[in-house]
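# Tertiary structure, described
In case you want the letters, here they are:
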Amino acid sequence: MHNWLASHDGEDDAMAAPSTCPPGTGAGAGTEHGSRRIFGDITTNRLWTFRVLMHEDLGASEHLAVVGNCEALGNWQPSDAARMTQEENVWSVEVYIPRHCATEYRYMVCAVEPSSEQPLVRRWETQFQARAIEELDEQPPEEQMDIFGSVNGQEKVDRGWLTRESIVQLKFFYAPFTFKQRMKRRHVQVKVTPMNLRIPSAGFETSSVAGPMSPPEDSLSNDTHDTRENGGDSSTAFAFSEVVTLSADECEIRAQEQFGTACGPSDLVIFHITVGDLENTAYLIDLYTYSSRVAKEDGPPHHLGYHYVLPNLFKRSEGNLEIPITCAKGHRPLGMMRLGYLIVRPSALSAHMDMSVSYARYWNNKWTGLDVGHRGSGTSFKAKDAVIRENTITSLKNAAEHGADMVEFDVQLSKDLVPVVYHDFMIYVSLKSKCSMQEHDFLSLPMRELTLEQLKKLKVYHTAEGLSRETRSFHNDDNLEHQPFPQLSDVLDALDIHVGFNIEIKWSQRLQDGRMEEEFEHVVDRNLYIDCILDVVLRKAGSRRIVLSCFDPDICTMLRFKQNRYPVMFLTLGRTTKYEQYMDPRGNSMELAVWHAVAMQLLGIVAHTEDLLRDPSQVNLAKERGLVLFCWGDDNNSQDTIKLLKGLGLHAIIYDKMDVLTTKEVKQSVFHLQAKDSQKEMLKLQALEMGHVWHTSANGSEEQQA
């Protein structure tokens, strides 16, 4: 494995001889000579100099590397990429690449995590087609070089995904400070500095500090370069401390300023901190304020107070902290602040994800006005005429057979952590025999309290049946594919690979009045919950087009940073009279939803059609930011509304009764039709190579002629 902490600044006095190790013998087959990386035999490889111009300023621990589809470039694994050296704004490395095939590659910005000596992907080029050196290409002149992030005029750079590091988000929404009376009108700015709890001690390599910490005489925030990423001392942690404000002008994650970020009464501020050692990192929160008589431009602010947040306060993956503010001068209690937090840990599979391709923010321009089957063939407990049970394999197949481009369905975990397809959080279980039903025969309980085996064997009723005490029967209800609670893995196997999936991750949220959507608090940790679902998707999805979505904005953030393959979309309520809004404000308006999606680099928004029909101009809020826009809601169950929404330029409409409402003449998904077109083009090329010609018949179809 490549040593990322080794120096690459030495000069070569002479051309190094290439390794004679045969290709394909693993990362250990190569050797490093200064900025030259050698793999394989010189007869099958050629020396190539990669040069790239970098316009952005990098942190002290950040550098460029190149990764690609050959052994010398790591076979798309970031841990084995070729590290580059810098001369002013130009980065370069010499690598022996294969002579007799094309070499594909991408550039990335890495940071080396000291304890593992392995790179963390900070940013990388994510164009759908990677850069390529063709077999007959010659080395371009030195003045011709690549530009980081720009390929054939298309600029596309995304943040990396978690491999060994973690993300801590601290959320300061709507000035969550309580001060004494004389302080109430002060505008507060906040800065967060990650602090290293491991300190050297006599006789031991390191010692972990668990007790309270004394504040520095001068706050660390008085220096703009105070963290180890920028060359700080050992008291600061290896971390990248950034911030985003959910507003029109500041909704992209950025480095913190010297005296922090304004956290006013109308501000939603999220501190986005990437840490290498989660268990041994504390967070110094500094509060600053300007007096009413001093303008910001006239001098530094007053250091108001501080607090150290120790890692043992994070009991779960998410929660709220109510912590004291200590006066910076007198070190006495000054007030309180309440903030939310989110911990995102890497999934077990994330370290094995490669950089060959990413669909995280990819959407083909031809994919517009797609028809998406809601729970397959539609909700089955609102309409009395439904003959197929929702969220079953049969329901999903039926929608696909009637031309659905994608099918939408809901996924949650059983008690034994198996991802199953089901919508409601609560279910009803019959306490008597299946053929006998009385008023008090039902027991209501959370679906997550039953194992997969219990869900399969017990007579389980939908919430609508339990509340009304009226049972429903559906067509071929005893058939296996008609049964509720199909496993996600079985659904991935059962449907044609060309049918796209919109997988909604179910997670109960707190409503504005403080109640939970589900009657009980979650018992499974968020990280484990998401990991169980992603594990199945990443193992079983193959080449299927998949979009992940959720109403919970933090779940969307976790889905985005735990993997680099599939796009994530934020489901929103918007302004509505039909549903009670959530306590978290990010999904309660189109503006906040868009800003959150931009901040976390999501693919787009799944908007509530009720809100879009109220103000159709909101479509442009998303599209102007380059976001993909789906929509959901009962209003979609009308051909006129579907036509209107497609006319507004929505990328997909989710609706019931695909067999009734679709206007498609060809009942196939857009992905299936594209695959057929691609196959036809391939056959044409093969025919041309073999001396065959193609002609168009009288009926318009293309035929091959010898």
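This write-up is about the structure you can find in this document. These numbers were taken from a predicted model, which means no experiment stands behind them.

## What about the overall build of the protein chain?
The helix and strand tally for the protein chain stands at 12 helices and 41 strands. The buried share among the 706 residues of the protein chain stands at 54%. Considering only contacts in the protein chain between residues 6 or more positions apart, those separated by 24 or more positions represent 70%. By element, 49% of the accessible surface of the protein chain is carried by carbon and sulfur atoms, the whole surface being about 32100 Å².

## Focus on the sheet that holds strand β31 (residues 426–430)
Spatial ordering of the open sheet is given by β32-β31-β33, a layout of 3 strands whose pairing is antiparallel. Strands at the two margins of the open sheet, each flanked by one partner only, are β32 (442–446) and β33 (460–461). Two strands pair when backbone bridges link them, and β31 and β32 are joined in this way by 5 bridges, in the antiparallel orientation. Directly across from Ile427, in β32, lies its bridge partner Leu445.

## Observations regarding the nonpolar core
Of all hydrophobic cores here, the largest spans 75 residues; its most connected members are Phe409, Ile503 and Ile605. Top element by residues in this core is helix α7 (residues 590–599). It accounts for 8 residues. Looking at this core, you find at least three residues from each of domain 2 (164–197 + 232–342) and domain 3 (368–666). The residues touching Ile503, leaving out its near neighbours within four places in the chain, are Phe409, Val411, Leu488, Val537, Ile546, Val547, Leu548 and Ser549.

## Re the state of the cysteines
Enumeration over the complete set of coordinates arrives at 0 disulfides. Of all cysteine sulfurs, the one in Cys70 lies closest to Cys101, which takes part in no disulfide; the gap is 7.8 Å. Of the residues examined, Cys101 reaches a relative accessible area of 37% and is grouped as partly exposed.

## Brief notes about the environment of Leu443
Position of Leu443 among the secondary structure elements: in strand β32. Since its relative accessible area comes to 43%, Leu443 is described here as partly exposed. Considering only alpha carbons, one finds Leu443 and Ile427, 16 residues apart in sequence, at a separation of 8.3 Å. Look past the residues within four positions of Leu443 in its chain and what remains in contact with it is Ile427, Tyr428, Val429 and Leu431.

## Here's the deal with helix α5 (residues 526–540)
Since there are 3.6 residues in each turn of an α-helix, residues three or four apart along the chain are aligned in direction. Taking 1.5 Å as the rise per residue, α5 with 15 residues should run 21 Å; its terminal C-alpha atoms sit 22 Å apart, in good agreement. Among the residues making up α5, those that are buried are Arg526, Asn527, Tyr529, Ile530, Cys532, Ile533, Leu534, Val536 and Val537. Within two residues after α5, Gly542 carries a phi angle of roughly 60°, on the positive side.

## Here's the deal with the pattern of salt bridges
For the structure on display, the rule yields 35 salt bridges. Put simply, Asp531 and Lys562 hold a salt bridge, and the shortest N to O gap is 2.9 Å. In this pair, Asp531 sits in helix α5 while Lys562 sits in the loop between α6 (553–561) and β36 (568–571), placing the two residues 31 residues apart along the sequence. Of the charged contacts, one joins Arg614 and Asp611 as a salt bridge, the two residues approaching to 2.7 Å between their closest N and O atoms. Highlighted residues: Arg614 and Asp611, both in helix α8 (residues 609–614), separated by 3 residues, approximately one helical turn. Since its relative accessible area comes to 3%, Asp611 is described here as buried. Each of Glu56, Glu62, Arg122, Arg123, Arg159 and Glu242 takes part in one network of salt bridges that share partners.

## A short note on the packing of aromatic side chains
Scanning all chains against the criterion turns up 26 aromatic pairs. Aromatic side chains Tyr306 and Tyr308 sit 6.3 Å apart centroid to centroid with 70° between the ring planes, which places their arrangement in the edge-to-face category. The rings of Phe128, Tyr359, Tyr362, Trp363, Trp367, Phe630 and Phe671 are connected pair by pair, giving a single aromatic cluster. Across from the ring centre of Phe240, 3.8 Å away, lies the NZ or CZ of Arg122, which sits over that ring. The ring of Phe501 has Arg544 lying over it, and the distance from NZ or CZ to the ring centre is 4.1 Å.

## Regarding the packing of α5 against α6
Taken N-terminus to C-terminus, the directions of α5 and α6 make an angle of 55°; their axes are 11 Å apart at the nearest point. By the criterion of interaxial angle, the relationship of α5 to α6 is oblique. Taken as a pair, α5 and α6 cross one another with a handedness that is right-handed. The segment α5 lies against α6, with Arg526, Asn527, Ile530 and Leu534 engaging Asp554, Ile555, Met558 and Leu559. Here the contact of α5 with α6 is built from residues that sort into 5 nonpolar, 1 polar and 2 charged.

## Notes on α6
Counting buried positions over the 9 residues of α6 gives 9, a clear majority of the element. One side-chain oxygen of the residue at the start of α6 lies 2.8 Å from the amide nitrogen of Asp554, identifying that residue as Asp552.

## What to know about a negative patch on the surface
On the surface, Glu104, Glu134, Glu135, Asp137 and Glu138 cluster together into a negatively charged patch. Within the secondary structure, Glu104 is located in strand β8 (residues 103–113). Glu104 gets classed as partly exposed once you look at its relative accessible area, which sits at 34%.

Cut-offs applied
Residues numbered from 1 in each chain as written. Predicted model: local features only at pLDDT ≥ 70, side-chain atom pairs only at ≥ 80, totals over all residues. Heavy atoms only, no water. Helix = DSSP H or I, 4+ residues; strand = E, 2+ residues; numbered from the N terminus. Buried < 20%, exposed > 50% of the residue type's maximum accessible area, 1.4 Å probe, protein only. Contact = heavy atoms within 4.5 Å. Areas by Shrake-Rupley, 256 points an atom, 1.4 Å probe, with all protein chains shown as cover. Pairing = 2+ DSSP bridges. Core = buried A, V, L, I, M, F, W, Y, C linked by side-chain atoms within 4.5 Å. Domains from an automatic or database assignment. Disulfide = S-S within 2.5 Å. Expected span 1.5 Å × (residues − 1). Salt bridge = Lys/Arg side-chain N within 4 Å of Asp/Glu carboxyl O. Phe/Tyr/Trp six-rings, centres within 6.5 Å; stacked < 30°, edge-to-face > 60°. Lys NZ or Arg CZ within 6 Å of the ring centre and 35° of its normal. Axes fitted to C-alpha atoms, helices over the stretch in contact; angles between N-to-C directions. Parallel < 35°, antiparallel > 145°, perpendicular 65-115°, else oblique. Left-handed = near helix turned anticlockwise from the far one by under 90°. Nonpolar A, V, L, I, M, F, W, Y, C, P; charged D, E, K, R; others polar. Polar contact = N/O pair within 3.5 Å; in protein donor to acceptor, adjacent residues only side chain to side chain. Patch = residues over 30% accessible without salt bridge, like charges linked within 9 Å, V, L, I, M, F, W, Y side chains within 5 Å. Lys, Arg positive; Asp, Glu negative; His and termini not counted. Charge placed at Lys NZ, Arg CZ, Asp CG, Glu CD.

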